Amino acid sequence: MTQDRTRADSDAQASLARTARRLRLGLFLPYIVLALIVVAWSAGWFWIRGRAATEIDGWIAREAAAGRTWTCADRSLTGYPFRIELRCSAVTLDRSDGRFRLGPSTAVAQVYQPRLVLFESAGPFHVEQGALTGDATWSKLQGSVHGESEGFTRASLVVDGPNVTVTGADPGPIAVAGQHLELHARPTPGRFDSEGAVDVSLRLAQAAVPQLDALTGNPAPADLSLDATVTQATVLRTGPVPRELERWRRAGGTLDLTALSLAKGAQRVQAKGALALDEAHRPVGQLDLRAAGVDALIGSIVGQRFGSEKGALVGQLVGGLLGLGRRPEPEDGSADAAPLKSLPPLKLVNGRIVFSGFPIPNLYLPVLY
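Residues numbered from 1 in each chain as written. Predicted model: local features only at pLDDT ≥ 70, side-chain atom pairs only at ≥ 80, totals over all residues. Heavy atoms only, no water.

Draft legend 1. Molecular detail of the overall build of the protein. In terms of helices and strands, the protein carries six helices and 23 strands. Expressed as a percentage of its 369 residues, the buried residues of the protein come to 29%. Sequence-distant contacts in the protein: of pairs separated by 6 or more residues, those separated by 24 or more amount to 50%. Carbon and sulfur atoms form 61% of the exposed surface of the protein, whose accessible area is close to 22,200 Å². (Helix = DSSP H or I, 4+ residues; strand = E, 2+ residues; numbered from the N terminus. Buried < 20%, exposed > 50% of the residue type's maximum accessible area, 1.4 Å probe, protein only. Contact = heavy atoms within 4.5 Å. Areas by Shrake-Rupley, 256 points an atom, 1.4 Å probe, with all protein chains shown as cover.)

This is the structure we're talking about:
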């Protein structure tokens, strides 16, 4: 009996020990599983990071073989545990037609959403291309690209306080500054596969353009909006501009303006139409116009043909007939903009700009490349 009792006590103690071990294992099991998940996630992140570095190196090598040398100074890939973050203290592109440089920039993609890339840059941007030198600065620049296996579904760029200057241009330097700029692009539904078409939307608010001020005689800031479709956009690459434009022209590329709007104080112009490049590499096409408050501008244009005084008088007469004059201010002080009136189409043909059937004197379209 004593032996049986001893054996029973031993079995009971063993059972209690096994129960205690199971309880301890159950207590620590969540932590063990969590540790395994962390290890697996970490291994996966480093694998993705390595794959991203390989893809970047491969793309840079392919570009270099095509004559385009990209450099990401002080490149780093960080972002653990949920992001892949590419940082460059400067991004440069050297190719046969010039050199491009962008200041400190960052691109970020979430591990679980790798085809959405967000980027930002502190700038500035500098370009040297032939006789032209361009510089751009801003207070903030951010953008995004939604990619897919063979292209993209949407790309966006938002810039606060853009300021662009170009020197070496004919007939003189170009300067453009603004309050806010937005640029969006997407494949055109139903036309991307067949025509390589891409929709583009541009908005520039409170722009200061001295050349435009001189042309219109109006120092007010301008608001510009553009909705357009670029056909055969898929043939464009990152090669020299003349080669890419010629490839686009030969492919039958066009710029279809759905809506172009420019508002500058009381002056407002809207246009739509289609533009392309002719065999001499000049813009060609037709724009249908609607405008208000541009009688003085028409007088200036007509004046070049008939002489300043007679031209101004004829221009005012034409503007009045077309209903383009400035509407008198309402007596109650309420803001009531003059309605837009249709203008004769503006045609770009053989290097000239033809308005109302007459080429504008002393104004020639440049050869773009």
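Draft legend 2. Local environment of the environment of alanine 109. Looking at where alanine 109 falls in the secondary structure, it is placed in strand 6 (residues 105-110). According to the relative accessible area criterion, alanine 109 is buried, its value standing at 14%. Measuring from C-alpha to C-alpha, the distance between alanine 109 and serine 144 comes to 9.9 Å, with 35 residues separating the pair along the chain. Excluding its chain neighbours within four sequence positions, the residues that come into contact with alanine 109 are Phe82, Arg83, Ile84, Pro114, Leu116 and Val117.

Draft legend 3. Representation of the nonpolar core in the model. Ranked by size, the top nonpolar core spans 27 residues in total, and within it Leu257, Leu287, Leu289 and Leu346 carry the most contacts. When contributions to this core are tallied by element, the ones reaching two or more residues are strand 15 (198-207), strand 16 (222-230), strand 18 (267-277), strand 19 (283-292), strand 21 (346-349) and strand 22 (352-355). Setting aside residues up to four positions removed in sequence, leucine 346 forms contacts with Gly285, Gln286, Leu287, Leu289, Ile353, Val354 and Phe355. With eight residues, the next largest nonpolar core counts Ala185, Val198, Trp248 and Leu277 among its residues. (Core = buried A, V, L, I, M, F, W, Y, C linked by side-chain atoms within 4.5 Å.)

Draft legend 4. Seen up close, the packing of aromatic side chains. Applying the stated criterion to the full structure yields five aromatic pairs. Taking 5.3 Å as the distance between ring centres and 85° as the angle between the ring planes, the aromatic pair formed by tryptophan 45 and tyrosine 80 counts as edge-to-face. Within this pair, whereas tryptophan 45 is found in helix 1 (residues 2-65), its partner tyrosine 80 is found in the loop between strand 2 (76-78) and strand 3 (83-88), the two being separated by 35 residues in sequence. Classification of tryptophan 45 as buried rests on a relative accessible area of 4%. Both rings, one in phenylalanine 46 and one in tyrosine 80, keep their centres 6.2 Å apart while their planes meet at 25°; by these two values the pair is stacked. (Phe/Tyr/Trp six-rings, centres within 6.5 Å; stacked < 30°, edge-to-face > 60°.)

Draft legend 5. Main features of the confidence of the model for the protein. Chain-level statistics for the protein give a pLDDT mean of 84 and a share of 81% at 70 or above. Overall, residues 328-335 carries pLDDT values under 50, and its contacts beyond four positions in sequence, including any with other chains, amount to one contact. (pLDDT = per-residue confidence, 0-100.)

Draft legend 6. Examining the state of the cysteines more closely. A full pass over the atoms with the stated rule returns one disulfide. The residue that forms a disulfide with cysteine 72 is cysteine 88, at a sulfur-sulfur distance of 1.8 Å. Between cysteine 72 and cysteine 88, the S-S torsion sits near -100°, and that sign places the bridge as left-handed. One end of the pair, cysteine 72, is in strand 1 (residues 69-73); the other, cysteine 88, is in strand 3, with 16 residues separating them in the sequence. (Disulfide = S-S within 2.5 Å.)

Draft legend 7. Just the pattern of salt bridges, in detail. Going through the model one piece at a time under the given rule, you end up with 18 salt bridges. In this structure, arginine 68 engages glutamate 63 in a salt bridge whose closest nitrogen and oxygen atoms are separated by 2.8 Å. Given the relative accessible area of 9%, glutamate 63 is considered buried. Each of the salt bridges in this network shares a partner with another, and the network as a whole consists of Arg83, Glu85 and Arg87. (Salt bridge = Lys/Arg side-chain N within 4 Å of Asp/Glu carboxyl O.)

Draft legend 8. Quick look at the environment of alanine 292. Along the polypeptide, alanine 292 turns up in strand 19. Residue class for alanine 292 comes out buried when judged on its relative accessible area of 1%.

Draft legend 9. How the structure looks around the sheet that holds strand 4 (residues 90-95). Strand order across the open sheet formed by seven strands is 1-4-5-8-9-12-13, with antiparallel pairing between neighbours. Every other strand in the sheet has two partners, leaving strand 1 and strand 13 (174-177) as the edge strands with one partner each. Direction aside, neighbouring strands of the sheet carry axes that sit 10° apart on average. In this structure, strand 12 (residues 163-167) lies alongside strand 13, joined through four bridges in antiparallel fashion. Considered in strand 13, the bridge of asparagine 163 is made with alanine 177. (Pairing = 2+ DSSP bridges. Axes fitted to C-alpha atoms, helices over the stretch in contact; angles between N-to-C directions.)

Draft legend 10. Region of the structure containing unusual backbone geometry. In the segment running from tyrosine 80 into proline 81, the intervening peptide bond is cis, with an omega of 15°. Within the secondary structure, proline 81 is located in the loop between strand 2 and strand 3. If you check the backbone angles, glutamine 206 has positive phi at about 55° while not being a glycine. Position of glutamine 206 relative to the elements: it lies in strand 15. Residue glutamine 206 is classed as partly exposed on the basis of its relative accessible area of 36%.

Draft legend 11. Here's a closer look at helix 4 (residues 241-250). Residues of helix 4 that are buried: Glu244, Glu246, Trp248 and Arg249. Turning to helix 4, the residues buried within the fold contact strand 16, strand 17 (255-264) and strand 18. Trailing helix 4 by a residue or two, glycine 252 shows a phi angle of about 85°, which is positive.

Draft legend 12. Summary view of the pairing of strand 3. Pairing geometry for strand 2 and strand 3, over three bridges, is antiparallel. Considered in strand 3, the bridge of threonine 78 is made with glutamate 85. Following strand 2, the chain reverses through four residues before pairing antiparallel with strand 3; glycine 79 in that reversal takes a positive phi of roughly 110°.

Draft legend 13. Quick peek at the side chain of histidine 184. Mapped onto the elements of the fold, histidine 184 is located in strand 14 (residues 180-187). One polar contact links histidine 184 to serine 156, side chain to side chain, over a distance of 2.8 Å. Among residues more than four places away in sequence, those in contact with histidine 184 are Arg154, Ala155, Ser156, Asp199, Val200 and Ser201. (Polar contact = N/O pair within 3.5 Å; in protein donor to acceptor, adjacent residues only side chain to side chain.)

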